[in-house]
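Now for the letters of each chain:
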Amino acid sequence: MKRIAILGSTGSIGTQTLDVVRANGDIEVVGIAAGRNIDALESQIREFSPKICGVWDEEKAKELAVRVADTDTKIVSGMEGLLEIAVIEGYEILVTAVVGMIGIRPTMAAIEAGKDIALANKETLVTAGHLIIPLVKEKKVRLLPVDSEHSAIFQCLNGEHGNKIEKILLTASGGPFRGWAREQMKNVQVEDALKHPNWSMGAKLTIDSSTMVNKGLEVMEAKWLFDVGMDDVQVVVQPKSVIHSMVQFEDGAVMAQLGTPDMKLPIQYALYYPERRPMRGDRLDFWSMKEIIFDKPDYENFRGLALAREAGKAGGSVPVVFNAANEFAVAKFLGKKISYLEITDMLEAAMEHHKKIAHPSLDEVLETEAETYEFLKKQWNF
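A brief look at the structure comes next.

Here we come to the sheet that holds strand β1 (residues 2–7). Strand order in the open sheet formed by 7 strands is β4-β3-β2-β1-β5-β6-β7, with parallel pairing between adjacent strands. Strands at the two margins of the open sheet, each flanked by one partner only, are β4 (74–77) and β7 (143–145). The average angle at which neighbouring strand axes cross in this sheet is 20°, direction not considered. Where β1 lies against strand β2 (residues 27–34), 6 bridges are found, and the strand directions are parallel. The partner of alanine 5 across the bridge, within β2, is glycine 31. Across the sheet, helix α2 (residues 38–48) is in contact with β2, β3 (52–55) and β4; its angle to β2 comes to roughly 165°.

This is how it looks when you write it as structure tokens:
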């Protein structure tokens, strides 16, 4: 019996993780956590009987505690609640599926407690990879990628220990505005940007995919996960999301991982690694596919991808600013407070304003996040 905890259990990755649990029958869910969706949390508590459940919103946590008083599940709240779940005894793998930098502290706490990490929270490595990777090595835990692209790379590297990577080929669908010029995006509305052609994801991630900021974050994440330089990660646009990513070795051989666009596969692979379990679902039909098209990424019109490369190469606290500015900007766009193109305008303004810290501590990472928010609030008069 495997025992897991899930941070972000009501989101897209979290609910699909629970689908994997249902399908297999030999995973116990010890802990769950979410932001404020207590209706979903109550349902999960009654189905999976976790020992502990965290709610970010303190008032919602109190309400949930009343609603599930007839169960044995302990209700906790805020960051302290996430940290308590992260270190609780009796489980082995923490699925980090929360969105944003909120995932850093509980991830680090879980690693300190000797838990393996199934990582779906890319912001953790983007902003604090310099702290997390050494800690993973020190504590001898496993960091298992859940993002489809990073899982694909991880799978391609199986059995290749000691063989040098020449290049990582990180695939991207190009999002709903692939081929558009920046001028065409001036009047993009929230509803337009939420129509991803291939993947079903949460709102924030879907917006990030439309701007290609998400791919920039994934380039930075790949740098830490696979110990390569920023220039060793090449983005390749593959519109149908059939090839999830590839690895080119120094002899010129390229390994690719293919599959349907279904996040349950990388989730299940991370939970059972190195075992492959049977999984129901669609399979690739090569006879109907006929061709796989590739294209170069458009760094000029999708400025967020270019800024991500700049941030990753600069290192230090600059990726923190990039990520924090994007979180702030996407929230404002989803709230219809700014235009679509202002998302990347905010990224650029925040990065230009910031004075880099070469080796930020965890406190400095979190302070940089807060300072970025304050700068953008003043600049945009929020």
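That covers the picture; the talk isn't over yet.
On to unusual backbone geometry, then. Glycine aside, residues mostly have negative phi angles, and peptide bonds mostly take the trans form. Cis geometry marks the peptide bond from tyrosine 273 to proline 274, where omega comes out at 10°. Along the chain, proline 274 turns up in the loop between α11 (264–272) and α12 (286–289). Its identity as a non-glycine residue notwithstanding, serine 49 has a phi of 50°, on the positive side. Take serine 49: it is sitting in the loop between α2 and β3. Owing to a relative accessible area of 54%, serine 49 belongs among the exposed residues under this scheme. Although it is not a glycine, lysine 336 adopts a positive phi angle of roughly 60°. With respect to the secondary-structure elements, lysine 336 resides in the loop between α14 (318–334) and α15 (342–353).

On to a nonpolar patch on the surface. Residues Leu258, Phe286 and Trp287 make up a contiguous nonpolar surface patch of about 410 Å² in total accessible area. Within the element layout of this structure, tryptophan 287 appears in helix α12. On the accessibility criterion, tryptophan 287 (78% relative accessible area) is exposed.

Further remarks concern the pattern of salt bridges. Per the stated rule, a full pass over the model turns up 29 salt bridges. A salt bridge links aspartate 345 to arginine 182; its shortest N-O distance comes to 3.2 Å. In this pair, aspartate 345 sits in helix α15 while arginine 182 sits in the loop between β8 (165–172) and α8 (190–193), placing the two residues 163 residues apart along the sequence. Under the relative-accessibility criterion, aspartate 345 is labelled partly exposed at 32%. Take arginine 182: its relative accessible area is 25%, and that puts it in the partly exposed class. Because the salt bridges share partners, they merge into one network encompassing Asp39, Glu42, Arg46, Glu63, Arg67 and Asp70.

Let us now look at the pairing of β8. Of all 8 residues in β8, 6 are buried; the element is thus mostly enclosed. Note that β8 and strand β10 (residues 243–249) share 4 bridges and pair antiparallel. Paired with isoleucine 168 across the strands is valine 247, a residue of β10.

Taken as a whole and judged by the stated rule, the model has 8 aromatic pairs. Where phenylalanine 177 meets tryptophan 180, the ring centres are 4.8 Å apart and the plane angle is 50°; that geometry is what we call tilted. Considering the side-chain rings of phenylalanine 328 and phenylalanine 382, the 6.0 Å spacing of their centres and the 65° angle between planes classify their relative orientation as edge-to-face. Taken together, the residues span a long stretch of sequence, with phenylalanine 328 in helix α14 and phenylalanine 382 in the segment after α16 (362–379) at a distance of 54 residues. Residue phenylalanine 328 is classed as buried on the basis of its relative accessible area, which comes to 7%.

With respect to the helices and strands, isoleucine 13 occurs in helix α1 (residues 12–24). According to the relative accessible area criterion, isoleucine 13 is buried, its value standing at 17%. Separated by 189 residues in sequence, isoleucine 13 and glycine 202 place their C-alpha atoms 8.6 Å apart. Not counting residues within four places of it along the chain, the set of residues in contact with isoleucine 13 comprises Ala97, Ala120, Val146, Met263 and Ile267.

What counts, and where the lines are drawn
Residues numbered from 1 in each chain as written. Predicted model: local features only at pLDDT ≥ 70, side-chain atom pairs only at ≥ 80, totals over all residues. Heavy atoms only, no water. Pairing = 2+ DSSP bridges. Helix = DSSP H or I, 4+ residues; strand = E, 2+ residues; numbered from the N terminus. Axes fitted to C-alpha atoms, helices over the stretch in contact; angles between N-to-C directions. Contact = heavy atoms within 4.5 Å. Buried < 20%, exposed > 50% of the residue type's maximum accessible area, 1.4 Å probe, protein only. Patch = residues over 30% accessible without salt bridge, like charges linked within 9 Å, V, L, I, M, F, W, Y side chains within 5 Å. Areas by Shrake-Rupley, 256 points an atom, 1.4 Å probe, with all protein chains shown as cover. Salt bridge = Lys/Arg side-chain N within 4 Å of Asp/Glu carboxyl O. Phe/Tyr/Trp six-rings, centres within 6.5 Å; stacked < 30°, edge-to-face > 60°.

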